[in-house]
Structure formats: C-alpha cells, structure tokens
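For reference, the chains in residue letters:
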Amino acid sequence: MTRTGNQFGPDFTYLGVPSCDLEQPETFEGADVVILGAPFDGGTSHRPGARFGPMAIRGEDYLPHDGSRPSLALRTDALQDLRVVDAGDVEMYSGDVETSLPTLERAVEKVARSGAVPVVLGGDHSIAYPDAKGVANVLGHGRVSMIHFDAHADTGDITFGSLWGHGQPMRRLIESGALRGDRFLQVGLRGYWPEPETLAWMAAERMRAYEMTEIVHRGLGECLTEAFTIATDECEGVFLSVDVDVCDPGHAPGTGTPEPGGLTARELLDAVRRICLELPVVGIDVVEVSPPYDPQGITAALGNRVVLESLSAIARRRRDARDGTTWDPFRPLLDGR
C-alpha cells in the first residue's frame, strides 16, 4: 500500500512532480519514471533515522517545487522531458521486516511491469533486496546487473541473529538467484568490514569490488569504464544502488554508519550521471539518508541531487537515442544549443 507524499509528515511529491496511485494503474500509465518512498530503518545496525529519508530527499531543495529542473550540464529538463510521477511512500513498519520488504518488492515489481523505471528513496539499505529483486522479477533473474556505491559491501550473512538487515541485502540478492555475483560491481568500499570469511564468500561468487585504494590509484573514471563492460555483459539492464555513505562523512554526515575516506559529492554526482547516460539503467535506489544526523540538510541535498542527476542523464540518453546525437559534456554553457 502506498500513500501520496510521506508516511511521516505532510504530503508532497519529489520537487512537485505529479502524484500517482499504484492502486490505480491509469495514474501512472505511460510514465517513464515512478518515484517510491521506502521509509524503513528496521535493518540498521547503528544509527537509525533513515525512515525519514524519503521525506528529506523529496523536500531538500532551495528552488520552487514546480516540477521543473533544467540541467546546465546536460541541457535537458528531466522532470519535463520525462513523465515522472511520485507514488508516495510504501507503508513500511520498521518493526516488521518480514512484512515490509515483501510489500516494497510488490510495489517495485508493479512499477517495473508498467515499463517505468522505479526510483526508490530509502530508507536503510535493506530495501535494496526488494528493489532489485522487484525489477529482476520482471526482466528475468540473472538478467539484471548491479552497480552499488557504498562504503560497505553489505554481504553479511547473519547479524544480531537475523538474515535481514542493511548489511546483508547483496548476499540475499545473490543467494536468491535474482542477481548474479559475477555481474555485481561495488564502488567505494573501505574501512574495517567485512571480515575474511565474508570476503571469501564474495570472491567465490566472483563479485567485483573497487575499493577506495584502487579508485585512488587508478582513477574513478577508469574503474567505471571497466565496470561498465562487466555490467552490460549478458544482462538486460543495470540497477543502480547508491548508499550515501559512499561519500566521505564531510560530504554526507547524515547517515547511519559513516566511514572516513570516501568519494566527494562531486565524484558521486559525476559517476551517477555517467552511468545513467551510458548504460541501460532499469532501477535506482538512494539510501541511508538519516535526517536526525543531518541538521544542515547536507546529506539530504546530496540524495536529492543524486536522483535528479540520474533522471537528467536518463532524459539526455533517451533524447540522443531519438535524435541520433551524442552529447558533448564540454560544450560551452552559452552556445544556445
């Protein structure tokens, strides 16, 4: 079940786009993108508060919520050039993971079956399991690859006696068969987890992790180019999952498990733009924005812009495919084209 706007707080949509109702298919018929909120933090292992993330991501913007955002970099207005609608929040009780996650999976699957790209606003990262599986249920298990931005691998097995949590969704996705381990690309890992046993499991599944040490040595652009080749091999589409803690806490302080030494906000925005411009992205989630630890709204603003940058690039990709053009990112700002 979804509701217009937010499960917690007043009803409003992402940057003023039209609302829709997943129980009324005619309200999102023909949509290119359907935004869903997943206000769930029942999977957190440390600092909670991500249940308030969807509301913060929707609302953290200094511009009018008028359903229009022209991109300087891409010369497209994603909220106008695409049909973007907001289905509101999936009702998720954070004390009941075994009900909440299947409810979200059904909602995401309904959006994917309509032909729209689901964009899910989290919530903690446990929602990645229903998000990606909901899309794979439509396109085929093993036919969707994952590009996963995160400080943490999220491939744990049992935490606090539970199979479900924000440190485990990627293992559950691979074990379910929904996604393939050898088409699973992780970007930005660092710090002091997981332990050797989990790393061994990841290696056995042929997952590919670009740790920050490798990114610094080789460059983010080169790592992404390599990841793109893997992600598009034998897969129908790419699911993009962004945990804001992939960024250094100086750029994303409002999150549950901050880890120093990550990407800058600029690097993350450039990366998601490139992914959505160059790859067939079939689903997106942005997770782990925790407003109680984000008093200045820095992290919520970043989450808002990760969504907007992704949509702007999707709009540019579709325009170029339609017109037979190729966008030059270094085109002068005032050339009038």
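Owing to the predicted nature of the structure, the values given are computational and were not obtained by experimental measurement.

What counts, and where the lines are drawn
- Residues numbered from 1 in each chain as written.
- Predicted model: local features only at pLDDT ≥ 70, side-chain atom pairs only at ≥ 80, totals over all residues.
- Heavy atoms only, no water.
- Helix = DSSP H or I, 4+ residues; strand = E, 2+ residues; numbered from the N terminus.
- Expected span 1.5 Å × (residues − 1).
- Buried < 20%, exposed > 50% of the residue type's maximum accessible area, 1.4 Å probe, protein only.
- Contact = heavy atoms within 4.5 Å.
- Phe/Tyr/Trp six-rings, centres within 6.5 Å; stacked < 30°, edge-to-face > 60°.
- Lys NZ or Arg CZ within 6 Å of the ring centre and 35° of its normal.
- Pairing = 2+ DSSP bridges.
- Salt bridge = Lys/Arg side-chain N within 4 Å of Asp/Glu carboxyl O.
- Axes fitted to C-alpha atoms, helices over the stretch in contact; angles between N-to-C directions.
- Parallel < 35°, antiparallel > 145°, perpendicular 65-115°, else oblique.
- Left-handed = near helix turned anticlockwise from the far one by under 90°.

Once that is clear, we can look at helix 3 (residues 97-113). Along its 17 residues, helix 3 runs 24 Å from first to last C-alpha, staying within 8% of the 24 Å computed at 1.5 Å per residue. Looking only at helix 3, the buried set comprises Ser100, Leu101, Thr103, Leu104, Glu105, Ala107, Val108, Glu109, Val111 and Ala112. In this structure, the buried side of helix 3 is in contact with strand 2 (33-38), strand 3 (84-90), strand 4 (117-122) and helix 4 (128-139). Downstream of helix 3 by one or two residues, Gly115 has phi in the positive range, about 95 degrees.

Right, let's get into the packing of aromatic side chains. Applying the stated criterion across every chain, the model contains 1 aromatic pair. Between Phe8 and Phe52 the ring centres are 5.2 Å apart and the planes differ by 65 degrees, which places this aromatic pair in the edge-to-face class. In this pair, Phe8 is assigned in the loop between strand 1 (2-3) and strand 2 and Phe52 in the loop between strand 2 and helix 1 (53-59), connecting sequence segments 44 residues apart. Exposure remark for Phe52: the relative accessible area of 29% places this residue in the partly exposed category. In this arrangement the basic side chain of Arg171 is found over the ring face of Trp201, its NZ or CZ atom lying 4.3 Å from the centre.

Here we take up the environment of Leu139. Here Leu139 shows up in helix 4. Sequence separation of Leu139 and Tyr62 is 77 residues, and the distance between their C-alpha atoms is 37 Å. Residues contacting Leu139, with those up to four places away along its chain left out, are Val144, Glu236 and Val282.

On a regular strand, one side chain projects to one face of the sheet and the next to the other, so that they alternate. Most of strand 5 (residues 144-149) is tucked away: 6 of the 6 residues are buried. Of the two faces of strand 5, the one lined by Val144, Met146 and His148 and the one lined by Ser145, Ile147 and Phe149 are each fully buried. As paired strands, strand 5 and strand 6 (residues 184-189) are joined by 4 bridges and run parallel to one another. Residue pairing across strands places Phe149 opposite Val187, the latter belonging to strand 6.

Topologically, Leu82 is positioned in the loop between helix 2 (78-81) and strand 3. Accessibility expressed as a relative area gives 5% for Leu82, which makes it buried. Residues Leu82 and Ala50 lie 32 residues apart in sequence; the distance between their C-alpha atoms is 28 Å. Look past the residues within four positions of Leu82 in its chain and what remains in contact with it is Asp32, Val33, Asp77, Leu311, Ile314, Ala315 and Arg318.

Once that is clear, we can look at the side chain of Asn304. Mapped onto the fold, Asn304 is located in helix 10 (residues 298-323). Take Asn304: its relative accessible area is 0%, and that puts it in the buried class. Beyond its immediate chain neighbours, meaning those up to four positions away, Asn304 contacts Tyr14, Leu15, Ile57, Arg58, Glu60 and Asp61.

Applying the stated rule across the entire model yields 31 salt bridges. Linking Asp41 and Arg51 is a salt bridge whose minimum nitrogen-to-oxygen distance equals 2.8 Å. Taken together, the residues span a long stretch of sequence, with Asp41 in the loop between strand 2 and helix 1 and Arg51 in the loop between strand 2 and helix 1 at a distance of 10 residues. The class of Asp41 is buried, set by a relative accessible area of 5%. The partly exposed category is assigned to Arg51, whose relative accessible area is 29%. Two residues, Glu105 and Lys133, come together in a salt bridge whose shortest N-O distance is 2.9 Å.

What follows is about the packing of helix 9 (residues 265-278) against helix 10. For any two helices packed against each other, the geometry is given by the interaxial angle and the distance between the axes. As a packed pair, helix 9 and helix 10 sit with axes 7 Å apart at the nearest point and diverge in direction by 30 degrees. Compared by their axis directions, helix 9 and helix 10 come out roughly parallel. Every pair of crossing elements has a handedness; the one defined by helix 9 and helix 10 is right-handed. Where helix 9 approaches helix 10, its residues Ala265, Leu268, Leu269, Val272, Arg273, Cys276, Leu277 and Glu278 are matched on the opposing element by Leu302, Arg305, Val306, Glu309, Ser310, Ala313, Ile314, Arg316 and Arg317.

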